[in-house]
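The residues making up each chain are set out below.
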Amino acid sequence: MTSSNVKAKRAAREYTWEGVEVRAYKSEGAAPFKDVTRQVLFDDPHLAAQWRYFEVAPGGHTTLERHQHVHAVMVIRGRGACLVGNEVFPLELHDLVYVPPLTWHQFRATLHEPLGFLCLVNTERDRPELPGPEELEQLRANPQVAAFIRV
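Residues numbered from 1 in each chain as written. Predicted model: local features only at pLDDT ≥ 70, side-chain atom pairs only at ≥ 80, totals over all residues. Heavy atoms only, no water.

Attention now moves to the overall build of the protein. Within the protein, the secondary structure is distributed over 2 helices and 11 strands. When the helices and strands of the protein are listed from N to C terminus, the series reads β-β-β-β-β-β-β-β-β-β-β-α-α. For 151 residues, the compact-globule estimate of 2.2 N^0.38 gives 15 Å, and the protein sits close to it at 15 Å. Dimensions of the protein, computed from the C-alpha atoms along their principal axes, are close to 50 × 35 × 30 Å. When each of the 151 residues of the protein is scored for burial, the buried share is 45%. Sequence separation of at least 24 residues holds for 65% of the intrachain contacts in the protein that already meet a minimum separation of 6. Looking at the protein, you have 17 positive and 19 negative side-chain charges, and the mean spots of the two groups are 5 Å apart. (Helix = DSSP H or I, 4+ residues; strand = E, 2+ residues; numbered from the N terminus. Rg over C-alpha atoms; globule rule 2.2 N^0.38 Å. Buried < 20%, exposed > 50% of the residue type's maximum accessible area, 1.4 Å probe, protein only. Contact = heavy atoms within 4.5 Å. Lys, Arg positive; Asp, Glu negative; His and termini not counted. Charge placed at Lys NZ, Arg CZ, Asp CG, Glu CD.)

As structure tokens, this is what we get:
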């Protein structure tokens, strides 16, 4: 469903919307992640952007990755933390995160509640790059980052 066909999408139940499919974050085995879902809220060529909702279950995490396109993220449910570059940031309701191009990033929920966030990206974007052994070694040189990342 594109925004040109639908003028409004009503909230259906907790953090879902009418006519919006709750999808797997990625294909199983495609990249390391744990307990994440994805919903595409708006995807219209006139916007040149895609607005998505991700939900990370308690104790779950997104893939550690980087790519050329940027992310603009807003937390709308729960708490957690994220890695952006070489820094780990705590996340709470309504926090904003900017992920620059080619910057390693990963999001994690706390052990006790889900982390839900809106994510704005370009409609046309490149494929994620996973860290190799050298990149992981560089990331793990920072003890805070080493304790945070899941691969």
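Looking now at the pairing of strand E7 (residues 80-84). By the criterion of burial, E7 is predominantly enclosed, with 5 of the 5 residues buried. Burial along E7 is two-sided: Gly80, Cys82 and Val84 facing one way and Ala81 and Leu83 facing the other are all buried. Hairpin geometry of E7 and strand E8 (residues 87-91) is characterised by an intervening segment of 2 residues between the two adjacent antiparallel strands and by a positive phi of about 70 degrees at Gly85. As paired strands, E7 and strand E10 (residues 105-109) are joined by 5 bridges and run antiparallel to one another. Residue pairing across strands places Leu83 opposite Gln106, the latter belonging to E10. (Pairing = 2+ DSSP bridges.)

The next point concerns the packing of aromatic side chains. Under the defined criterion, the tally for this structure stands at 7 aromatic pairs. Consider the rings of Tyr25 and Phe33, whose centres lie 5.0 Å apart with planes at 75 degrees: the pair is edge-to-face. Overall, the relative accessible area of 9% leaves Tyr25 in the buried class. With a relative accessible area of 16%, Phe33 lands in the buried category. An angle of 15 degrees between the planes, with centres 5.9 Å apart, marks the rings of Phe42 and Trp51 as stacked. The exposure class of Trp51 is partly exposed, given its relative accessible area of 35%. (Phe/Tyr/Trp six-rings, centres within 6.5 Å; stacked < 30°, edge-to-face > 60°.)

Its location among the elements puts Lys26 in the loop between strand E3 (23-24) and strand E4 (34-44). Within the structure, Lys26 has its side chain in polar contact with the side chain of Thr63 (distance 3.4 Å). Within the structure, Lys26 has its side chain in polar contact with the side chain of Glu65 (distance 2.4 Å). Filtering out sequence-adjacent residues up to four positions away, Lys26 remains in contact with Ala31, Phe33, Thr63, Glu65 and Pro128. (Polar contact = N/O pair within 3.5 Å; in protein donor to acceptor, adjacent residues only side chain to side chain.)

Positive phi is not limited to glycine here, since Ala48 has a value of about 60 degrees. Within the secondary structure layout, Ala48 lies in the loop between E4 and strand E5 (49-61). On the basis of relative accessible area, Ala48 is assigned to the partly exposed category, the value being 47%. Residues other than glycine seldom take positive phi values, yet His94 does so here, at roughly 75 degrees.

Nonpolar side chains in soluble globular proteins tend to be buried together. In terms of nonpolar packing, the biggest core is built from 18 residues, with Leu91, Val97, Phe107, Leu115 and Phe117 touching the most fellow members. Within the residue set of this core, elements represented by two or more residues are E5, strand E6 (71-77), E7, strand E9 (96-99), E10 and strand E11 (115-122). Contacts of Leu91, omitting those with residues within four sequence positions, involve Val75, Arg79, Gly80, Ala81, Cys82, Val97, Phe107 and Leu115. (Core = buried A, V, L, I, M, F, W, Y, C linked by side-chain atoms within 4.5 Å.)

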